[in-house]
Amino acid sequence: MSAVLTEIRGHILEVTLARPKANAIDLATSREMGRVFAGFRDNPDLRVAILTAAGEKFFSAGWDLKAAAAGDPVDGDYGVGGFGGLQELRGLNKPVIIAVNGICCGGGLELALSGDIIIAAGHATFALPEIRSGTVADAASIKLPKRIPYHIAMELLLTGRWFDAKEALGWGLINRITRAEDLMAEARRLADELASGPPLVFAAIKEIVREAENMKFQDAMNRITRSQFETVERLYSSEDQFEGARAFVEKRDPVWKGR
């Protein structure tokens, strides 16, 4: 049985990590996830992805320490998208929803941070316990202080302590909490909403946000006005851009084609 299950529902790709019992990720699984998400990125018919995991106890424990002990090098080939297929996937200009169904720790939390919207079941718990195994949560050390207050991020990184979904929501680390039985229904509702939206606009938003993260405001604006964002230029010369204007004038819902 594959460790990475996929299902296409209209314009939506659902990806389920299925490696009992902790949904830990070894090199082979990471490479497979990379192939899946690269395929999602490159398929013009797919507009939104949902990533979740099998079972109700674990979203993911992250890096598979048993596989590491058996010889998987920590600096091995994680695949085209880096760890979990998302962390370093270039040019991913489509929304990714993370549905956290249980324990989300270590590399599992780093993987969740690679998505755009995170929803969690009420029983979900989180931690970055790498310090206890003598390693560093490298991606989280980069991302977390940019997502939540610096001192809170440093506490979580330096202590490795556990925190629940309510605290995660309070710090703005996740978007919302649902009952466990409603998690996928909420993820699908949100995915349907996004899939009906303008894909070229979403692509432009994601590229601008990603590229401008470490730029000064004026430098980012200059890149836009100088036509240096590919997705923005594609949007402004697209059928969809004119469709949006026509739909507004005609007082109807636009029909987005992604071109």
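This one's a predicted model, so the numbers in the text were calculated from it and none came from an experiment.

Draft legend 1. Inspection of the pairing of strand β1 (residues 4-9) at higher detail. Examined bridge by bridge, β1 and strand β2 (residues 12-17) share six bridges and lie antiparallel to one another. Bridged to Val4 within β2 is Leu17. Connecting the antiparallel pair β1 and β2 is a turn made up of two residues, with Gly10 showing a positive phi of about 65°.

Draft legend 2. A look at the pairing of strand β7 (residues 117-121). Within β7, five of the five residues are buried, which leaves the element mostly enclosed by the surrounding structure. With burial as the criterion, each face of β7 is covered, one bearing Ile117, Ile119 and Ala121 and the other bearing Ile118 and Ala120. Bridge analysis of strand β5 (residues 96-100) against β7 gives four bridges, and the strand direction is parallel. Paired with Ala99 across the two strands is Ile119, which belongs to β7.

Draft legend 3. Quick peek at the sheet that holds strand β8 (residues 125-127). Read across the open sheet, the four strands follow the order β4-β6-β8-β9; overall the sheet is mixed. In this open sheet, the two strands that pair with only one neighbour each are β4 (58-60) and β9 (163-164). Pairing of strand β6 (residues 103-105) with β8, which is carried by two bridges, proceeds in the parallel orientation. Its bridge partner lying in β8, Cys105 is registered against Ala127.

Here is what the cut-offs are and how they apply
- Residues numbered from 1 in each chain as written.
- Predicted model: local features only at pLDDT ≥ 70, side-chain atom pairs only at ≥ 80, totals over all residues.
- Heavy atoms only, no water.
- Pairing = 2+ DSSP bridges.
- Helix = DSSP H or I, 4+ residues; strand = E, 2+ residues; numbered from the N terminus.
- Buried < 20%, exposed > 50% of the residue type's maximum accessible area, 1.4 Å probe, protein only.

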